[in-house]
Amino acid sequence: MERIGVGIIGCGNVSDIYIKNLTTMFPQADLAACASRHMKRALSAGKRYGIVACSVDELLRNPEIRLVLNLTTPDAHYEITRRALLAGKHVYSEKPICLETMQARELQSLAEKQGVRLGCAPDTVLGGAVQTSRHLLDSGIIGRPLSAHVFFGWHGPEHEHPNPEFLYQYGAGPVFDYGPYYFTALITLLGPARTVTAMACKGFEKRTCTCPGPHINESFEVGTPTHVTGVVEFMSGVLVTVTISFDIWGHGHPFIEIYGTEGTLRAPDPDGFGGGIEVLKAGEDDFKKIPIDFAYTGNCRGLGLAEMIQSIVQNRPHRAADTVAVHVLEIMHAFLDSSTQKRTVALTTTCERPVPLERRGL
């Protein structure tokens, strides 16, 4: 198996699962070095996992590193990805691809000019649950999809994240933090979208970190809407009602429910790779559990990067593609723009529905 040298930029919380999986689960990646804008974090990660720690500049100059995994915070995604592309590296970024749609298009053009690949999380849509759901829809188990309902709600990351303030600022919040999972899953299941009509609000002006760590009991201002709800019209004609919120203590809604001419399909939370799938067929009274029969049901973050490496080696399109990420970014902005402008927003980007993954995986 041909491998590609990978360098990680960004050594925060999410880097641990990536490093673990890339060194144990996905041999396509030859993890060569890690770097951070905060050198102390790079040194800590390097010592913990036995990999070379260096500065961002040193990593980008390293000829053995052909692909950069951008795990910085969302506000730095554009800068780091742009620098890596200019250095002639392929880039796979954590979500979102960057904060502004215009910047995302610039990165696309730059990657094409440089002759390198640009990919983006989430890769949970390549996991067993979403891929099984995709197969069921494609097989016609519920007939032609007509409409759907998406619901994600909890009371925010300040209870679990040791430094949650950035998750309540522009470029984050529930839309940009969790929206990528849901909108990427919807595109995987239903194809690209056409319009968005939405409303948004803030439930609380201030939040307090309750997660153990250096910021416990610290309060901070909320700088972005924390509850959004709206309707996405897909190119296929499917209408999807979406609610994503950091203002909800609990609820009883399914994460994704798709209604077709011949039945209903319930899919699990696309923030994970596994979960339960249920189908109710026309004329039946109860939902029936459907077993997952595709690979990857545990925490397999890094799968999208590994698939991208394999696609580079095989000279074919990669599935966690920049076109999907840019379309998702515009959808998320459209939710906030529609609320602010009190109008339906017509989307200007589109993408191909990603090709399904093989049952056995990579």
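Cut-offs applied
Residues numbered from 1 in each chain as written. Predicted model: local features only at pLDDT ≥ 70, side-chain atom pairs only at ≥ 80, totals over all residues. Heavy atoms only, no water. Salt bridge = Lys/Arg side-chain N within 4 Å of Asp/Glu carboxyl O. Helix = DSSP H or I, 4+ residues; strand = E, 2+ residues; numbered from the N terminus. Buried < 20%, exposed > 50% of the residue type's maximum accessible area, 1.4 Å probe, protein only. Pairing = 2+ DSSP bridges. Right-handed = clockwise from strand over helix to strand, strands pointing away. UniProt positions renumbered as here; feature names shortened; annotations may be inferred. Axes fitted to C-alpha atoms, helices over the stretch in contact; angles between N-to-C directions. Contact = heavy atoms within 4.5 Å. Parallel < 35°, antiparallel > 145°, perpendicular 65-115°, else oblique. Left-handed = near helix turned anticlockwise from the far one by under 90°. Nonpolar A, V, L, I, M, F, W, Y, C, P; charged D, E, K, R; others polar.

Within an unreviewed UniProt entry, the label attached to the protein chain reads Gfo/Idh/MocA family oxidoreductase, and the organism entered is Ruminococcus gauvreauii.

Draft legend 1. Summary view of the pattern of salt bridges. In the structure shown here, the tally under the stated rule is 21 salt bridges. A salt bridge links E106 to R82; the nearest nitrogen and oxygen atoms lie 3.3 Å apart. In this pair, E106 is assigned in helix 5 (residues 101-114) and R82 in helix 4 (residues 77-86), connecting sequence segments 24 residues apart. Here R82 falls in the partly exposed class, since its relative accessible area comes to 34%.

Draft legend 2. Structural context of the pairing of strand 4 (residues 67-70). Going residue by residue along strand 4, you find L67 and L69 tucked away on one face and V68 and N70 tucked away on the opposite face as well. Taken together, the four bridges between strand 1 (residues 4-9) and strand 4 define a ladder with parallel strand orientation. The residue bridging G7 from the neighbouring strand is V68, located in strand 4. Bridging between strand 4 and strand 5 (residues 90-93) involves four bridges; their strand directions are parallel. Of the residues in strand 5, the one forming a bridge with V68 is V91. A crossover connection joins strand 4 to the parallel strand 5 through helix 4; in handedness this β-α-β unit is right-handed.

Draft legend 3. Expanded view of the UniProt feature "domain: Gfo/Idh/MocA-like oxidoreductase N-terminal" (unreviewed entry) in the protein chain. Per the UniProt entry, the sites bearing "domain: Gfo/Idh/MocA-like oxidoreductase N-terminal" (unreviewed entry) are residues 4-119 in this numbering. For the annotated span residues 4-119, helix accounts for 44% and strand for 22% of the residues, and the straight-line distance between the end C-alpha atoms is 15 Å.

Draft legend 4. Representation of the sheet that holds strand 5 in the model. Spatially, 3-2-1-4-5-6 is the arrangement adopted by the six strands of the open sheet, whose pairing is parallel. The open sheet is flanked by strand 3 (52-54) and strand 6 (118-120), the only strands paired with a single partner. Along the sheet, successive strands turn relative to each other by an average axial angle of 25°, direction set aside. Seen against the sheet, helix 1 (residues 15-24) touches strand 1, strand 2 (29-35), strand 4 and strand 5 and runs at an angle of roughly 150° to strand 2.

Draft legend 5. Structural detail: the packing of helix 4 against helix 5. Between helix 4 and helix 5, the least distance of the axes is 9 Å, while the angle of their chain directions is 15°. By the criterion of interaxial angle, the relationship of helix 4 to helix 5 is roughly parallel. Every pair of crossing elements has a handedness; the one defined by helix 4 and helix 5 is left-handed. Residue-level contacts link Y78, T81, R82, L85 and L86 of helix 4 to Q103, E106, L107, L110, A111 and Q114 of helix 5. Class assignment of the residues belonging to the contact of helix 4 with helix 5 gives a composition of six nonpolar, three polar and two charged.

Draft legend 6. The UniProt feature "domain: GFO/IDH/MocA-like oxidoreductase" (unreviewed entry) in the protein chain, seen in detail. Taking the UniProt record as the reference, the feature "domain: GFO/IDH/MocA-like oxidoreductase" (unreviewed entry) is found at residues 130-266. When the span residues 130-266 is considered, its composition is 20% helix and 35% strand, and the gap between its end C-alpha atoms is 11 Å.

Draft legend 7. View of the packing of helix 5 against helix 9 (residues 322-341). Taken N-terminus to C-terminus, the directions of helix 5 and helix 9 make an angle of 170°; their axes are 9 Å apart at the nearest point. In terms of orientation, helix 5 and helix 9 fall into the roughly antiparallel class. Contacts between helix 5 and helix 9 involve T101, A104, R105 and Q108 from the former and D322, T323, V326, L329, E330 and H333 from the latter. Its residues assigned to classes, the contact of helix 5 with helix 9 comprises three nonpolar, four polar and three charged.

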